[in-house]
Structures are given as structure tokens and as C-alpha cells.
Amino acid sequence: MREGLMAKEDEEGGGAAPGGDVAPIRPALRAVAPAGDRYADWREVYDDNVVRIHRLMYAKVGNRPDAEDLTAEVFLAALGPLRLSVSRGEVRAYLLRTAQTVLASFWRRRLGCEVTTIDLTAAPPLEAGGPAPAPDDDGGGRSARRARRILDALPDRYRRVLELRFVEGRSVRDSAQAMGVTVANAKVLQHRALRLAASLPEEAS
Amino acid sequence: MRRRRRAVDAVFEDQAIQAGRPEPGDVDLLRTAIELRSADPGAGVPREEFVDSLRDRLAAELDAGSSTASAAPVEIRRVPRRALLAGAGAVAAGVAGVMLDRTLLGGSGNGETPEAAGPSAEIEPIAGTWVPVAPAAALADGGAQRFSTPTVVGFVSQEGNELRAVSGACTHQGCLLKLNVDAGRLDCPCHRTAFALDGRTLFHQLAAAPAPLPHLKARRAGDQIEVFVPTERT
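Residues numbered from 1 in each chain as written. Chains lettered and ligands numbered in written order. Predicted model: local features only at pLDDT ≥ 70, side-chain atom pairs only at ≥ 80, totals over all residues.

Caption draft 1: Here's a closer look at the overall build of chain A. From N to C terminus, chain A includes 8 helices and 0 strands. Scanning chain A from its N terminus toward the C terminus, one meets helices and strands in the order α-α-α-α-α-α-α-α. A burial count over chain A gives 43% of its 205 residues as buried. (Helix = DSSP H or I, 4+ residues; strand = E, 2+ residues; numbered from the N terminus. Buried ≥ 20, exposed ≤ 12 C-beta atoms within 10 Å, placed from the backbone.)

Caption draft 2: Highlighting the sheet that holds strand β3 (residues 153-159) of chain B. Read from one edge of the open sheet, 4 strands run β2-β3-β4-β9 (chain B), paired in antiparallel fashion. Unpaired on one side and paired on the other, β2 (144-148) and β9 (215-216) of chain B mark the two borders of the sheet. (Pairing = 2+ DSSP bridges.)

Caption draft 3: Local environment of the interface of chain B and chain A. Between chain B and chain A, the contact holds 54 residues from the first and 57 residues from the second. Considering each element in turn, the side of chain B that touches chain A owes the most residues, 11 residues, to helix α2 (residues 24-37) of chain B. (Contact = placed C-beta atoms within 7 Å.)

Caption draft 4: Summary view of the confidence of the model for chain A. Residues and elements named next belong to chain A. Per-residue confidence for chain A gives a mean pLDDT of 77; residues scoring 70 or more make up 71%. Element-level mean pLDDT values for chain A span from 38 in helix α1 (residues 4-12) up to 95 in helix α3 (residues 64-79). Low confidence marks residues 1-31, where pLDDT is under 50. Its contacts with residues over four positions away, or in another chain, come to 42 contacts. Below pLDDT 50 for its whole length, residues 125-139 participates in 43 contacts with residues either more than four positions away or in separate chains. (pLDDT = per-residue confidence, 0-100.)

Caption draft 5: Representation of α3(A) within the structure. Spanning 16 residues, α3(A) covers 22 Å between terminal C-alpha atoms, matching the ideal 22 Å at 1.5 Å per step. Every buried residue of α3(A) is listed here: A:Arg64, A:Asp66, A:Ala67, A:Glu68, A:Leu70, A:Thr71, A:Ala72, A:Val74, A:Phe75, A:Ala78 and A:Leu79. (Expected span 1.5 Å × (residues − 1).)

Caption draft 6: Structural detail: the environment of B:Ala137. Structurally, B:Ala137 can be placed in the loop between β1 (128-135) and β2. Each C-alpha atom, one on B:Ala137 and one on B:Asp223, is 7.2 Å from the other, the two residues being 86 residues apart in sequence.

Caption draft 7: Expanded view of the packing of helix α2 (residues 42-61) of chain A against α3(A). Residue and element names in this part refer to chain A. At a closest axis distance of 8 Å, the pairing of α2 and α3 adopts a crossing angle of 140 degrees. Our classification of the angle between α2 and α3 gives oblique. In terms of crossing hand, the pair formed by α2 and α3 is right-handed. Facing α2, whose interface residues are Trp42, Val45, Tyr46, Val50, Ile53, His54, Met57, Tyr58 and Val61, α3 presents Arg64, Asp66, Ala67, Leu70, Thr71, Val74, Phe75 and Leu79. Broken down by class, the residue content of the contact of α2 with α3 amounts to 13 nonpolar, 2 polar and 2 charged. (Axes fitted to C-alpha atoms, helices over the stretch in contact; angles between N-to-C directions. Parallel < 35°, antiparallel > 145°, perpendicular 65-115°, else oblique. Left-handed = near helix turned anticlockwise from the far one by under 90°. Nonpolar A, V, L, I, M, F, W, Y, C, P; charged D, E, K, R; others polar.)

Caption draft 8: View of the environment of B:Asp198. With respect to the helices and strands, the residue B:Asp198 is situated in the loop between β7 (193-196) and β8 (201-203). Sequence-wise, B:Asp198 and B:Leu186 are 12 residues apart; in three dimensions their C-alpha atoms are separated by 9.7 Å.

Caption draft 9: Structural view of unusual backbone geometry. Phi angles above zero are rare outside glycine, and B:Asp14 is one such case at about 60 degrees. Mapping B:Asp14 onto the fold places it in the loop between α1 (2-13) and α2.

Caption draft 10: How the structure looks around the sheet that holds β7(B). Residues and elements named next belong to chain B. Taken in spatial order, the 4 strands of this open sheet run β5-β6-β7-β8, and their pairing is antiparallel. For this open sheet the edge positions go to β5 (178-180) and β8, each flanked by a neighbour on one side alone. Taking the axes of each pair of neighbouring strands and ignoring which way they run, one obtains an average angle of 35 degrees across the sheet. For β7 and β8, the ladder comprises 2 bridges, and the chain directions are antiparallel. Looking at β8, one finds that Phe195 is bridged to Thr201.

Caption draft 11: Up close: the packing of helix α6 (residues 156-167) of chain A against helix α7 (residues 172-179) of chain A. Residue and element names in this part refer to chain A. In the contact formed by α6 and α7, the axes pass within 9 Å of each other and the chain directions differ by 140 degrees. It follows from the interaxial angle that α6 and α7 lie oblique. The interaxial crossing formed by α6 with α7 has right-handed handedness. Contacts between α6 and α7 involve Arg160, Val161, Leu164 and Arg165 on the former and, on the latter, Ser175, Ala178 and Met179. For the contact of α6 with α7, the per-class residue count stands at 4 nonpolar, 1 polar and 2 charged.

Caption draft 12: Region of the structure containing the environment of B:Cys170. Residue and element names in this part refer to chain B. Tracing the backbone shows Cys170 in the loop between β4 (162-167) and β5. Residue class for Cys170 comes out buried when judged on the 30 C-beta atoms lying within 10 Å of it. Spatially, the C-alpha atoms of Cys170 and Pro210 are 8.1 Å apart, while their sequence positions differ by 40 residues. Beyond its immediate chain neighbours, meaning those up to four positions away, Cys170 contacts Cys175, Leu177, Cys188, Cys190, Thr193 and Pro210.

This is the structure:
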């Protein structure tokens, strides 16, 4: 399996990925990258990518326990067969493709449908040897701005309860106190707010 | 019906999603909840313990397979968190809500870092405006309230009769701070760093102490608390 990088792409490139919209594998991948553009060992691959992969998974599943499990799954699946003679950019692209497959499989197992996907076509350019790109498939900043737009489109109380819960990470009890309502009311409010947020037209989100 | 609630509640409570079969409409709710989690750019930063333990686990699997002849203990290289998070902080700071950048901090725009700006720099925007951020009644003595405007995320608090407003972005890497109500301080979710409500650095585990949080001007205007914030960048 030392040729795992290529083998894995061939196996998983179209089949398991959602919608079959995986970016085509470029033949240039097979070229050996100059030494300065390569990772020295798996630890370097891990240290350079673990935050990005975790943030990506967190943005896709919305909770820490699952994000951690999926991050572990990506590295356990990817690093074993990984060949390090290719460029850093290609290694990152390979990790993203692995993440895409791992996430698709997670949703199928858990809920039987893909609630979120990793869109590789929206991925930032993976310049070889350049600084690590944003730790999200579409850039964490863009996700945050999109979430902000959703919140800003909501009436005050709905926005406030979702800000307290999601942005400030406060408990429902804490949020109820901050808003001067009962815990039961806060629970109702947060679900109504979420329902309204989910029904907003696409341009708001 | 019940299962769908659980999947959405898991995201509300930051817990693992349980297996089940949701209704089609529930998927939209769950997707929106997940999307809203991204409103806090610091939320997806991994726990230090997780990063270390996964590295250990990988070392056990990968190094054992490649060097069976060697009985030497596996060397686990500890990478400073700062290096790991170099990308993450940049993203957090790049969010529209955290635009307390150098040009606003020093007014010079010459690349001066916040650390070099001295203790408790004041944000004096070149172009700013007073915006209401909270009803005055919402702020009890000693209490604090988070606010966000299109250009600034911060916290306004009151001690005695004095109003204080500070930036809500950690001066280390720009992660958004969390209000720790019980301890009356602002915690950074990215590193073990905390600030007082007046912006002082309380504790940290970094090589160098992060600068105090920049202050913003705050005032009462009628029944509102207003903060002087930079106008939106064009």
C-alpha cells in the first residue's frame, strides 16, 4: 500500500463521494515534487492539517464529539497509505477528499441521508508549499459571514437566543436567564428561531 | 419526530448526533443548526488534549508498522499550539465581526502589532460612529453583555457607575472570546487565556503574555448603552 495515495484516489474518486462531483485527479499528481515542497513525515502532515480538518468537520457536523471522531477517522484512513513524494498541496487535497468520503459515510450511517457535504469545487486553491489555506472547504470566514447573515435576518429575540446558544456557547439555562425568560420558554424560542432561520430564502443564507 | 429533535438538540448541546431516520424537513433544521455553529469562528478549534492524543494514537499505529526492528520508544514531538493554530487564528480574525485590525488600533497602519501597541490600547477609529449595543437596563453592576456590530465584536460591562467596552477578540490570534459569567471574565476558546472585563490579561499559557484587550469608548444615551465603533470598511 505504499502507493496508497494513488490507489485510494482510484478507489474512492467517484464511487463513495456525494453526487460524484469529485474534482478529477490530474495526472500531474504522479510527478515527484521538489523536496522543499514535500512533507518530511506523517507528523508534519498531521501538525500542518489537524486544525484545518477538525474545523472543517466541526463546520459540517456542528458538534465537537463527532468532529473529533471524524478527524481521527480521516487521519487514520489517510496517513497509513499516504505516499510523501507528492507535494504538500496534493497531500492536502488528498486529505480533503478523504474527509469528504468519511463525512458522507458518517451521515449515511447516522441518519441515512447526507445532511452536509464537502464541496471540493469550492475548496481554496492548495498552493504547493504556500501557507495553509483556511481550515474550511470554503474558508471559515465565509462560513461565519453566511451564518451571520442568517442571524441578522431574524427578528431580535430569535436572533438573540441563537446567538446566545451558538455564538456565545451559553447553556439553555444561561440563555434563559440572559433573556429574562423561563428555561421552557427559551427552549421553545430557540426551536422556533431555528425553524424560521431554516425557512429563510436562499439569498439570506 | 422524536429522533429529529434529538439530532437538532445534539447540535444545540454540542453532543454527538444519535443514529436515527429524520423526516425530510428535519434535515433542513439540522443543517441550519450546523451552519449557525459556524457563526463562532473559534468554535471549531480542536481541544489541545484531542490533538495530542490523536498524535499519540497515530504514532502507535504508524511507527509500530514501519519500524518493527527498533525497540526504541516512539518519539512524540510536541508542537507548540501556537504553530498549530497559526491558520485558525487568522481565519477567526478575518471574520467581518473582528475587524479590530492594526490600522484601527494604532491609527498608523504601518504593520504595528497589537502587542506593540502598549497596555490597553484604545480603539479610536478614524471613521467611527456611536451605535447602541444594549439597553442600559440589561447591564447590572458588575455584569457584562456581549455585542456585535458589522465591524466590532466586544463586551460592555459596568462597574459602579463606570461603563467599559473592550474588544471581544483575543489579542493573541483573534479568536472570539467567551463571556464566563461565573468567573466574571472573558475566556479564549483557542488557548488557556483569560481577560478581565476591563481588558487586563488575567492568565495565559503562551510564551509571551498577550496584550490587554483594546478599549472602546462607551456611553449611556437615554436608555441605551452606546459604543463608538469603526464604520464599515469599504
